[in-house]
Amino acid sequence: MALVVQKYGGSSVADADKIKNVARQAVAAREEGNHVVVVVSAMGKTTNNLITLANQVTDSPDERELDVLLSTGELISSTLLAMALRTLGVEAISLSGAQAGIRTDSVYSRARILGVDPNRIKKELEKDRVVIVAGFQGITEEMDITTLGRGGSDTTAVALAVSLGADRCEIYTDVEGVYTADPRLVPEARKIEDIGYDEMLELASSGAKVMHSRAVELGEVYKMPILVASSFTDEPGTLIHGGASVEIANKVRGIAHDLNVAKVTVVGVPDKPGVASAIFEPLAKANISVDTIVQNASINKITDLTFTVAKSDSAKAMKVIEPVVKSIGARECVSDTKLAKVSVIGAGMQTAPGYAARMFSALYEAGINIELITTSEIRITCIIDEAKTEDALRTLHKAFELEKGL
Ligand code: ADP
Ligand code: ASP
Ligand code: MG
């Protein structure tokens, strides 16, 4: 008997009717002759609401308590889905991440899965039950509950698919698959029929939140095919896989954006050994991850050093950096939180010149100023004014003719 792991996101389980709909889809997969494991996210905006609630109680919620609090969102949806399935006459059981054997490290709010003990799920499947697992959570060696980072239920699903030896992992969401850009901002965006892990990983880590990047990483390492499709329609979705693409490669595959970007500039930095480490070590100790770093060539032994962090970390980063500015003899430290990142991504770009120039001139023609530029082998990223994000996405989508497809 084949085994399928299905994951349903927050908007797919947002109310009782939608949960009943998911129950019917799980039954359909079972009636096709599969064992079925379903991973669910919290209902609708539950996770955001829980975060707001914690912030109303205190300015700095304890991270351990916050993870337990957030994990309850997925418990609600998983238990309701089990009840809905039983009402349809199907044996079903819900399990928390801990009960499902998901072991993580102890980095609260962005824990990584260290391993999965699949025995309990296997036992339940042997009893011919549909097993529903609360996404986005796991348990440490000390038996503390952790969460996997926003969007982390995708990662729960792929990790379970891998450890149970599933035939495929299906991610059901509120769009019909992976598009050439966020279809909510770019109406011309086109659904991609299939995409390689490497391009999908770059899209996800550049902000395309349709997939959690760690889920794609796991898929790639264990060669687990991942289907992204809509829970509301029967349209075929997007297959993420490691084989050759069916689509004729346009060299740019897609465009991603990320609004969670802030820039910090340390101005008037003396150009001498040890300065960069004096700045970045305290940031690392404070658990702040730094993305882009740009250091200008120095004039008269004085330079500026700019780096980006998540918007949510910018106030903390400024607090950490301010004493360092004094100690290294720099002039001041300024931040800008009204920024966004737009990235064009495509494995074909690495062997073809001219893509960066095309991106810059398209942005220039649209009157969009580029604040910072970074690249990887298959990605070019520009940091721009947040207010211009939608303009930039539509301009670039057109410039790279992404609406054209096959
Ligand atoms: P879920 O709750 O099902 O996990 P998410 O909100 O996490 O759903 O992800 C789906 C959303 O991702 C879509 O509604 C869409 O706005 C956004 N998105 C961003 N980039 C893309 C893209 N390239 N293709 C499809 N959706 C995208
Ligand atoms: N509920 C969590 C979130 O909103 C995890 C997820 O949806 O994947 O981020
Ligand atoms: Mg998601």
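These figures come from a predicted structure and were not determined experimentally.

A. Examining the packing of helix α1 (residues 16-31) against helix α3 (residues 63-87) more closely. Remark: α1 packs on α3, axes separated minimally by 9 Å, with the N-to-C direction vectors making an angle of 60 degrees. Here α1 is positioned oblique relative to α3, judged by the angle of their axes. Handedness of the crossing formed by α1 with α3: right-handed. Residues I19, V22, A23, A26 and V27 of α1 touch α3, and the partners they reach there are L80, L81, A84 and L85.

B. Molecular detail of the site of ligand 2. S41, A42, T47, E74, F136, R150, G151, G152 and S153 make up every residue found near ligand 2. The contact in question runs from an oxygen atom of ligand 2 to an N or O atom on the backbone of G151, over 2.9 Å. Between an oxygen atom of ligand 2 and a main-chain N or O atom of G152, the distance comes to 3.3 Å. Contact with the protein chains covers 86% of the free accessible surface of ligand 2, which is 260 Å². The residue inventory of the shell around ligand 2, partitioned by class, reads 2 nonpolar, 5 polar and 2 charged.

C. Quick look at a nonpolar patch on the surface. Judged by side-chain polarity, I76, L80 and M83 come together as a nonpolar surface patch covering roughly 260 Å² of accessible area. Taking the relative accessible area as the measure of exposure, L80 reaches 32% and is therefore partly exposed.

D. Inspection of α3 at higher detail. For α3, spanning 25 residues, the distance from its first C-alpha to its last is 37 Å, which sits close to the expected 36 Å at 1.5 Å a residue. The complete set of buried residues in α3 reads L66, D67, L70, S71, G73, E74, S77, S78, L81, A82, A84 and L85. The N-terminus of α3 is capped by D62, whose side-chain oxygen sits 3.1 Å from the backbone nitrogen of R64. The positive-phi residue at the C-terminal boundary of α3 is G89, with phi of around 85 degrees.

E. Representation of α1 in the model. For α1, built from 16 residues, the straight-helix expectation of 22 Å at 1.5 Å per residue is met to within 8% by its first-to-last C-alpha distance of 23 Å. Within the span of α1, buried status applies to I19, V22, A23, A26, V27 and A29. Burial along α1 is one-sided: seen end-on, the buried residues are contained in an arc of 160 degrees. Exposed residues lying more than 90 degrees from the buried face of α1 are D17 and E31. Contact partners of the buried residues in α1: β1 (2-8), β2 (34-40) and α3. Two to three positions downstream of the cap, the backbone nitrogen of D17 sits 3.2 Å from a side-chain oxygen, assigning the N-cap of α1 to D15. Just beyond α1, the residue with positive phi is G33, at close to 95 degrees.

F. Structural context of unusual backbone geometry. In the Ramachandran plot, K223 falls in the positive-phi region, its phi being about 55 degrees despite a non-glycine side chain. Its location among the elements puts K223 in the loop between α7 (213-222) and β11 (226-230). For K223, a relative accessible area of 62% puts it in the exposed group. With phi around 50 degrees, E401 is a residue other than glycine that occupies positive phi space. Within the secondary structure layout, E401 lies in the segment after α11 (389-399). Residue E401 is classed as partly exposed on the basis of its relative accessible area, which comes to 38%.

G. Inspection of the nonpolar core at higher detail. The biggest cluster of nonpolar side chains holds 70 residues, and the ones touching the most others in it are V37, I121 and M200. When near neighbours in sequence (up to four residues on either side) are disregarded, I121 contacts V37, L95, A100, V131, V133, L160 and L164.

H. The site of ligand 1, seen in detail. Taken together, 16 residues surround ligand 1, and among them T173, D174, Y179, D182 and R184 come closest. At 2.7 Å from an oxygen atom of ligand 1 is found a side-chain nitrogen or oxygen belonging to T173. Between ligand 1 and the protein, one listed contact pairs an oxygen atom with a side-chain N or O atom of D174 at 2.9 Å. Relative to its free-state accessible area of 570 Å², ligand 1 is covered by the protein chains to the extent of 90%.

I. Structural view of the pairing of strand β9 (residues 168-173). In terms of burial, β9 is a largely internal element, 5 of the 6 residues being buried. Note that β1 and β9 share 5 bridges and pair parallel. Its bridge partner being in β9, Y8 is matched across the sheet by Y172. Strand direction decides the pairing type here: β9 and β11, joined by 5 bridges, are parallel. Across the sheet, E170 pairs through a bridge with L227, a residue of β11.

Thresholds, definitions, all that
Residues numbered from 1 in each chain as written. Chains lettered and ligands numbered in written order. Predicted model: local features only at pLDDT ≥ 70, side-chain atom pairs only at ≥ 80, totals over all residues. Heavy atoms only, no water. Axes fitted to C-alpha atoms, helices over the stretch in contact; angles between N-to-C directions. Helix = DSSP H or I, 4+ residues; strand = E, 2+ residues; numbered from the N terminus. Parallel < 35°, antiparallel > 145°, perpendicular 65-115°, else oblique. Left-handed = near helix turned anticlockwise from the far one by under 90°. Contact = heavy atoms within 4.5 Å. Near = heavy atom within 4 Å. Polar contact = N/O pair within 3.5 Å; in protein donor to acceptor, adjacent residues only side chain to side chain. Areas by Shrake-Rupley, 256 points an atom, 1.4 Å probe, with all protein chains shown as cover. Nonpolar A, V, L, I, M, F, W, Y, C, P; charged D, E, K, R; others polar. Patch = residues over 30% accessible without salt bridge, like charges linked within 9 Å, V, L, I, M, F, W, Y side chains within 5 Å. Salt bridge = Lys/Arg side-chain N within 4 Å of Asp/Glu carboxyl O. Buried < 20%, exposed > 50% of the residue type's maximum accessible area, 1.4 Å probe, protein only. Expected span 1.5 Å × (residues − 1). Arc of directions from axis to C-beta. Core = buried A, V, L, I, M, F, W, Y, C linked by side-chain atoms within 4.5 Å. Pairing = 2+ DSSP bridges.

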